Amino acid sequence: MTDLAALISLVAPFFGLIALGFYCGKRVHIPEGGLAWMQFFLIYVALPPLFYRLIVNTPIEELANWPFIAATTLCTFSAFAISFSTGMATSRGDISQATLRGLAGAYSNIGYMGPPLVLAALGSGASAPVALIFVFDNILLFTLVPFLMTIGGADKRSFAETTRAVVWRVVTHPFNLATAAGVAASYFRLTLPDFADKMVTWLAGAAAPCALFILGVTVALRPLGRLPLEVPAHVFVKLIIHPLLVWVVLSAFGDFDPVWVYAAVLMAALPPALNIFVLSTQYRIGLERASAAILVGTVASMVTLTGFLWLIKTGRMPHDLFPS
């Protein structure tokens, strides 16, 4: 009972802030444009210092864990492939529609929810795996989506133009820039001046509550009519298949630190990311399905994510399925 109470105390603030944002989004009639500055603050001002903090105090050798990077990225790709294949079947071969449905099964909320929740659950030792998963999952999905949209005809740019856009987006993404700055500071053992360090600390502390509140408001403002029949299947891939796949593959790849394994499992168990709706809006495809996947996935993850945390905290999920 104590374990359950501790888990509820851990996850309740996260889902409580999402619920508060959802309530405010439904009850307070402020135009959606009012979110613009808050989103700008979050993406360009608050979250980059959080990712910088994740990296800067991590020994540089831990960041070059290529087997871990390969295993977790392969799992994200596999979850995408499973959901994409289901999307191809249900959309009668529409590559553009299937791409966004693939994202619903693979793209975790690794920016808004991932770092604060995983670090609260596992401690500072999870900072390196969290940052690595964030960077390489985003590189994978930022690359897959534009090229598949070009093939599917939703993006009218040529392959050369798409390639340039993908490279530019990956290189200039504020989270990736902050991660690169953290790697450089870690490698050269650089420290910030006291005033800058205090600003970074304040901004990093503001990131989690702002992100969770915005998530709730944004979900509340999304249009949702009927629930498309295939959405539960994509959500099942995201919340159950993806984390289990990570657990099995990391066990098969090698002897990883338990904190790294559990961090990867929890990152994979997060609900679908808000970026799915952003991309759906950008390409004008599947808005209703994107909204449904985010809403259903966020609500369902209250049970599934808590379940994975319970398995980890009680020792019922060994970090290595195939001990030597």
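Everything numeric in this text was worked out from a predicted model, so none of it was measured. (Residues numbered from 1 in each chain as written. Predicted model: local features only at pLDDT ≥ 70, side-chain atom pairs only at ≥ 80, totals over all residues. Heavy atoms only, no water.)

Participant: Account for the nonpolar core, naming residues and giving values.
Facilitator: Membership of the largest hydrophobic core comes to 90 residues, with the highest contact counts inside it found for Leu103 and Met113. Looking at this core, the element that brings in the most residues is helix H6 (residues 127-152), giving 14 residues. Sequence-distant contacts of Met113, that is, excluding residues within four places in its chain, are made with Phe15, Ile18, Leu212, Leu215, Leu270, Pro271 and Leu305. With six residues, the next largest nonpolar core counts Ala104, Val235, Ala292 and Ala293 among its residues. (Core = buried A, V, L, I, M, F, W, Y, C linked by side-chain atoms within 4.5 Å. Buried < 20%, exposed > 50% of the residue type's maximum accessible area, 1.4 Å probe, protein only. Helix = DSSP H or I, 4+ residues; strand = E, 2+ residues; numbered from the N terminus. Contact = heavy atoms within 4.5 Å.)

Participant: Let's hear about the environment of Leu279: which residues, and what values?
Facilitator: Secondary-structure assignment places Leu279 in helix H12 (residues 275-283). Once the C-alpha coordinates of Leu279 and Gly216 are considered, the two residues, 63 residues apart in sequence, prove to be 18 Å apart. Not counting residues within four places of it along the chain, the set of residues in contact with Leu279 comprises Leu100, Leu103, Val145 and Arg169.

Participant: So what's going on with the environment of Gly123? Which residues, and what values?
Facilitator: Here Gly123 shows up in the loop between helix H5 (114-122) and H6. The exposure class assigned to Gly123 is partly exposed, which follows from its relative accessible area of 25%.

Participant: How would you explain a negative patch on the surface if you had to name every residue and give the values?
Facilitator: A contiguous patch of negative charge, built from Glu61, Glu62, Asp255 and Asp257, is present on the exposed surface. What makes Glu62 partly exposed here is its relative accessible area of 31%. (Patch = residues over 30% accessible without salt bridge, like charges linked within 9 Å, V, L, I, M, F, W, Y side chains within 5 Å. Areas by Shrake-Rupley, 256 points an atom, 1.4 Å probe, with all protein chains shown as cover. Salt bridge = Lys/Arg side-chain N within 4 Å of Asp/Glu carboxyl O. Lys, Arg positive; Asp, Glu negative; His and termini not counted. Charge placed at Lys NZ, Arg CZ, Asp CG, Glu CD.)

Participant: Outline the pattern of salt bridges, supporting the account with residue identities and numerical values.
Facilitator: All chains considered together, the criterion is met by three salt bridges. For Arg289, the salt bridge is made with Glu230, and the minimal N-O distance between the two is 2.2 Å. You can see Arg289 sitting in helix H13 (residues 287-313) and its partner Glu230 sitting in the loop between helix H9 (194-221) and helix H10 (231-253), a full 59 residues away along the chain. The class for Arg289 is partly exposed, based on a relative accessible area of 25%.

Participant: With reference to specific residues and values, describe unusual backbone geometry.
Facilitator: One non-glycine residue, Arg92, lies in positive phi territory at about 60°. Topologically, Arg92 is positioned in the loop between helix H3 (66-90) and helix H4 (95-106). One non-glycine residue, Arg189, lies in the positive phi region at around 55°. Checked against the element boundaries, Arg189 lands in the loop between helix H8 (174-188) and H9.

Remember that the coordinates give geometry; whether it matters functionally is a separate question.
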